[in-house]
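Observations on the three-dimensional arrangement
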Amino acid sequence: MTPPPGAPDLAALRPRLPSPLTAVEDERFARHGVRLLLKRDDLIHPELPGNKWRKLAPNLRAAAGAGRRTLLTFGGAYSNHLRATAAAGRLLGLATVGVVRGQELADRPLNPSLARCAADGMRLLFTDRATYRRKTEPAVLTALLTEAALRPEDVHVVPEGGSNALAARGCAALGEELRGTADVVAVACGTGGTLAGLAAGLAAGQRALGFPVVGGDFLEADIRELQRAAFGAPTGDWDLDGRFTFGGYARTTPALDTFAEDFGARHGLPVERLYVAKMLYGLTALTEAGAFPEGTTVAAVITGAP
């Protein structure tokens, strides 16, 4: 599809793709005969946090193709997706609106994540948690657009975390980049879009393993629904291990912080706490428990930086 005149040129963002894949030496894996690779999606773009490019790019193309120059999306107070959307909007000359969970935050100083969004030009709309839970309902979305003085025909709506069918198809490229490189590919999961696409892109015989960062049993059904919307049916060999949430989204513990500092010191990699650390901790714990046969190669997707 040819974008209309004046549409943003995504090539101008110059993402680094495929993202680097590096082998690291870690005795916690080596003594079990497991080889560890790091898939550095955190290096895709210096201003868009981590792998969010893979989800955003197809949505940006859809917005451009429809001539819509405003992006409206959703997230919590520490959402990497909000940050990526705001940065993409600034770089491409698009207006961005972020609906933030938590009306109580409206009268507080912005945390660093939201401050970065605002600095990139994103308009922040704070909403109460009950309304936020209903954000996909047409009446609620209409009310949000009215509050923001936006016309529906001017706005491309991107769901929370960027996870929709377009995003899942975009993340299939991550799996394709990893074909033939690893037996198991691990990724942290928030809304499930990355895992949905990753699993679809991997080759037969490869398995995707997701580590949810928030508790609850909803994620498996959400991923299956994303795959149905994107690919016509659930696809690929994938599984979830929900034992490493460390209390839920945006929460850490001293044990997780200690692990992250140690992993970073071992491998020269600053470890993001809310997603990446939980995935790496879970992957290390499973390896030390003998979950992977000797000779297994595992790849850990580094989805963002601190």
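What comes next concerns the included structure. (Residues numbered from 1 in each chain as written. Predicted model: local features only at pLDDT ≥ 70, side-chain atom pairs only at ≥ 80, totals over all residues. Heavy atoms only, no water.)

1. Here we look at the overall build of the protein chain
For clarity, the cut-off: Put simply, DSSP marks the helices as runs of H or I at least four residues long and the strands as runs of E at least two long, and each gets a number from the N terminus on. Atoms counted for the radius of gyration: C-alpha only. Globule rule: 2.2 Å times the number of residues to the power 0.38. Think of it in three bands: residues with accessible area under 20% of the maximum for their type are buried, residues over 50% are exposed, and the middle band is partly exposed, with areas taken using a 1.4 Å probe on protein chains only. Contacts are assigned to residue pairs that have any heavy atoms within 4.5 Å of one another.
Along its length, the protein chain carries eleven helices and ten strands. Over its C-alpha atoms the protein chain spans a radius of gyration of 19 Å, differing by no more than 12% from the 19 Å that the globule rule assigns to 306 residues. In terms of overall dimensions, the protein chain has C-alpha extents of about 60 × 45 × 35 Å along its principal axes. Within the protein chain, buried positions represent 52% of all 306 residues. Within the protein chain, contacts between residues separated by at least 24 positions form 74% of all contacts whose residues are at least 6 apart in sequence.

2. Observations concerning unusual backbone geometry
With an omega dihedral of -5 degrees, the bond running from L17 to P18 counts as a cis peptide bond. With respect to the helices, strands and loops of the structure, P18 is situated in the segment before strand 1 (21-24). One non-glycine residue with positive phi stands out, namely A149, at about 55 degrees. Here A149 is to be found in the loop between helix 6 (138-147) and strand 6 (155-157). In the Ramachandran plot, F246 falls in the positive-phi region, its phi being about 55 degrees despite a non-glycine side chain.

3. Let's talk about the state of the cysteines
Applicable threshold: Disulfides are defined as cysteine sulfur pairs within 2.5 Å.
Applying the stated criterion across every chain yields a total of zero disulfides. Considering cysteine sulfurs only, C189 is the nearest to C171, which forms no disulfide, with 11 Å between them. Residue C171 is classed as buried on the basis of its relative accessible area, which comes to 0%. With relative accessibility at 1%, the residue C189 sits in the buried group.

4. Some words on the packing of helix 7 (residues 165-177) against helix 8 (residues 193-201)
Note the following rule: Here, axes are lines fitted to C-alpha atoms. For helices the fit covers the stretch in contact, and angles between N-to-C directions go from 0 to 180 degrees. Here the angle decides the label: under 35 degrees means roughly parallel, over 145 means roughly antiparallel, 65 to 115 means roughly perpendicular, and every other value means oblique. In this scheme the handedness of a crossing depends on how the near helix is turned from the far one: anticlockwise by less than a right angle means left-handed, clockwise means right-handed. When residues are grouped by polarity, Ala, Val, Leu, Ile, Met, Phe, Trp, Tyr, Cys and Pro land in nonpolar, Asp, Glu, Lys and Arg in charged, and all others, Gly among them, in polar.
Taken N-terminus to C-terminus, the directions of helix 7 and helix 8 make an angle of 50 degrees; their axes are 6 Å apart at the nearest point. Relative to helix 8, the element helix 7 is oriented oblique. Handedness of the crossing formed by helix 7 with helix 8: right-handed. When helix 7 is examined against helix 8, the residues A168, C171, A172, L174, G175 and E176 are found in contact with a partner set consisting of G193, T194, A196, G197, L198 and G201. Per-class residue counts for the contact of helix 7 with helix 8 are six nonpolar, five polar and one charged.

5. Description of the packing of aromatic side chains
To keep things clear, this is the line we draw: Stacked, tilted and edge-to-face pairs are distinguished by plane angle, under 30 degrees for stacked and over 60 for edge-to-face with tilted covering the rest, among Phe, Tyr and Trp rings (Trp via its six-membered ring) whose centres lie within 6.5 Å. Only lysine NZ and arginine CZ atoms are considered, and such an atom sits over a ring when it is within 6 Å of the ring centre and within 35 degrees of the ring normal.
Scanning all chains against the criterion turns up seven aromatic pairs. Consider the rings of F244 and Y281, whose centres lie 6.2 Å apart with planes at 50 degrees: the pair is tilted. Of this pair, F244 sits in the loop between strand 9 (238-240) and helix 10 (254-267) while Y281 is found in helix 11 (residues 276-288), placing the two residues 37 residues apart along the sequence. A residue is classified by how much of its surface remains accessible, and F244, at 10% relative accessible area, is buried. Between F259 and F263, the ring centres sit 6.0 Å apart and the planes meet at 40 degrees, which makes this aromatic pair tilted. Placement of the pair is F259 and F263 together in helix 10, with a separation of four residues, close to one helical turn. Each member of the pair, F259 together with F263, is buried. Each residue in the set F211, F244, F246, F259, F263 and Y281 is aromatic and connected to the rest through ring pairs, giving one cluster. The ring of Y132 carries the charged tip of R101 above its face, separated from the ring centre by 5.3 Å.

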